[in-house]
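# Geometric and topological summary
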Amino acid sequence: MKNPKKLIIITGPSGVGKGTVVKNILKKDKNIWISISATTRKPREGEEHGKDYYFLTKEKFKEMISNEMFLEWAEFAGNYYGTPIDIINEKIQNGYKVILEIEVEGACQVREKLSNIISIFLLPPNKKELEKRIRDRGTDDEKSILQRLERADFEISSSKDFDYVLKNYEIDKTVDEIFKIIS
Ligand code: 5GP
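Predicted model only: the values in this text are computed from it and were never measured.

### A closer look at the packing of helix H1 (residues 18-28) against helix H7 (residues 171-182)
As a packed pair, H1 and H7 sit with axes 10 Å apart at the nearest point and diverge in direction by 60°. One finds that H1 runs oblique with respect to H7. Here H1 and H7 pass one another in a crossing that is right-handed. Contacts between H1 and H7 involve Thr20, Val21, Asn24, Ile25 and Lys28 on the former and, on the latter, Ile171, Thr174, Val175, Asp176, Ile178 and Phe179.

### Some remarks on the pattern of salt bridges
As enumerated under the stated definition, the model contains 15 salt bridges in all. For the salt bridge of Asp140 with Arg148, the shortest nitrogen-to-oxygen distance reads 3.5 Å. Asp140 sits in the buried class, given a relative accessible area of 15%. Between Arg151 and Glu155 there is a salt bridge; the shortest N-O distance is 3.8 Å. Of this pair, Arg151 and Glu155 both sit in helix H6 (residues 142-157), 4 residues apart, which is roughly one turn of the helix.

### Details of the nonpolar core
Judged by nonpolar contacts, the single largest core of 23 residues is most densely connected at Ile10, Ile25, Ile99, Ile120, Leu122, Ile178 and Ile182. Where this core is concerned, the elements lending two or more residues are strand E1 (7-11), H1, strand E2 (32-34), strand E8 (118-123), helix H5 (127-137), H6 and H7. In terms of residue count, the dominant contributor to this core is H7 (5 residues). When neighbours within four sequence positions are excluded, Ile120 is seen to be in contact with Ile8, Ile9, Ile10, Thr11, Tyr164, Leu166, Ile178, Ile181 and Ile182.

### Regarding the environment of Glu155
Residue class for Glu155 comes out buried when judged on its relative accessible area of 0%. Residues Glu155 and Ile34 lie 121 residues apart in sequence; the distance between their C-alpha atoms is 22 Å. With sequence-adjacent residues up to four places away left out, Glu155 is seen in contact with Gly12, Pro13, Ser14, Phe76, Glu103, Val104 and Phe121.

### Observations concerning the environment of Arg151
On the accessibility criterion, Arg151 (19% relative accessible area) is buried. Filtering out sequence-adjacent residues up to four positions away, Arg151 remains in contact with Glu75, Phe76, Glu103 and Glu105.

### A word on the packing of H5 against H6
Here H5 crosses H6 at 150°, and the two axes come no closer than 11 Å. Judged by the angle between their axes, H5 and H6 are roughly antiparallel. For the element pair H5 and H6, the recorded crossing hand is right-handed. Where H5 abuts H6, its residues Lys127, Leu130, Glu131, Ile134, Arg135 and Arg137 lie against Glu142, Ile145, Arg148, Leu149, Ala152 and Asp153. For the contact of H5 with H6, a count of residues per class yields 5 nonpolar, no polar and 7 charged.

About the cut-offs
- Residues numbered from 1 in each chain as written.
- Predicted model: local features only at pLDDT ≥ 70, side-chain atom pairs only at ≥ 80, totals over all residues.
- Heavy atoms only, no water.
- Axes fitted to C-alpha atoms, helices over the stretch in contact; angles between N-to-C directions.
- Helix = DSSP H or I, 4+ residues; strand = E, 2+ residues; numbered from the N terminus.
- Parallel < 35°, antiparallel > 145°, perpendicular 65-115°, else oblique.
- Left-handed = near helix turned anticlockwise from the far one by under 90°.
- Contact = heavy atoms within 4.5 Å.
- Salt bridge = Lys/Arg side-chain N within 4 Å of Asp/Glu carboxyl O.
- Buried < 20%, exposed > 50% of the residue type's maximum accessible area, 1.4 Å probe, protein only.
- Core = buried A, V, L, I, M, F, W, Y, C linked by side-chain atoms within 4.5 Å.
- Nonpolar A, V, L, I, M, F, W, Y, C, P; charged D, E, K, R; others polar.

All we've got here are geometric facts, nothing functional implied.
Right under this line is the structure:
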């Protein structure tokens with residue numbers, strides 16, 4: 001991949017606020033493009049194919065794995081998630097900085113493949129607050145909430161492997177810190 005320094009990973013446990021942070025970054029800088037992932041998870045209310053995710057069947061996702069169409073992919077809380085590689089190359093060649101908002105295992109894969117990138121890990125203020133954020137958004141059933149919280153322990157223990165670790169207390173402050181890092 002050309003110009004990998006234009007690739008920024010934002011990772012951290014589910015519920016930490018990655019999605020909100022990324023949306024706020026996008027509002028402030030039109031030269032940033034947020035990668036649209038593929039997933040086998042069912043769409044939540046209001047989510048659109050091609051905008052929030054590419055919602056795929058397991059068969060289609062596996063076919064894309066076989067055809068090496070992902071920069072990274074991982075299984076998370078019972079579903080597959082992956083970053084389609086083609087469009088990322090195209091956006092970087094067109095001068096965009098590209099942000100991947102992905103879970104920790106996939107983020108580690110990208111770090112192993114590409115050296116000249118920026119990786120940022122978002123931590124919750126504490127585990128209780130993380131649980132509150134997941135429950136308050138009201139998007140996941142109990143099984144999925146528990147899977148996400150269980151996974152969070154492993155994910156948080158990996159935070160030291162990333163270039164920057166930020167505690168996400170307040171969205172605006174976190175967004176400012178990320179801009180300082182990436183500009
Ligand atoms: P959700 O189901 O809440 O949308 O996403 C679950 C987790 O998958 C989140 O931590 C999210 O950042 C992560 N995720 C979204 N897209 C990708 C992707 O393309 N690859 C990987 N590895 N994780 C992703």
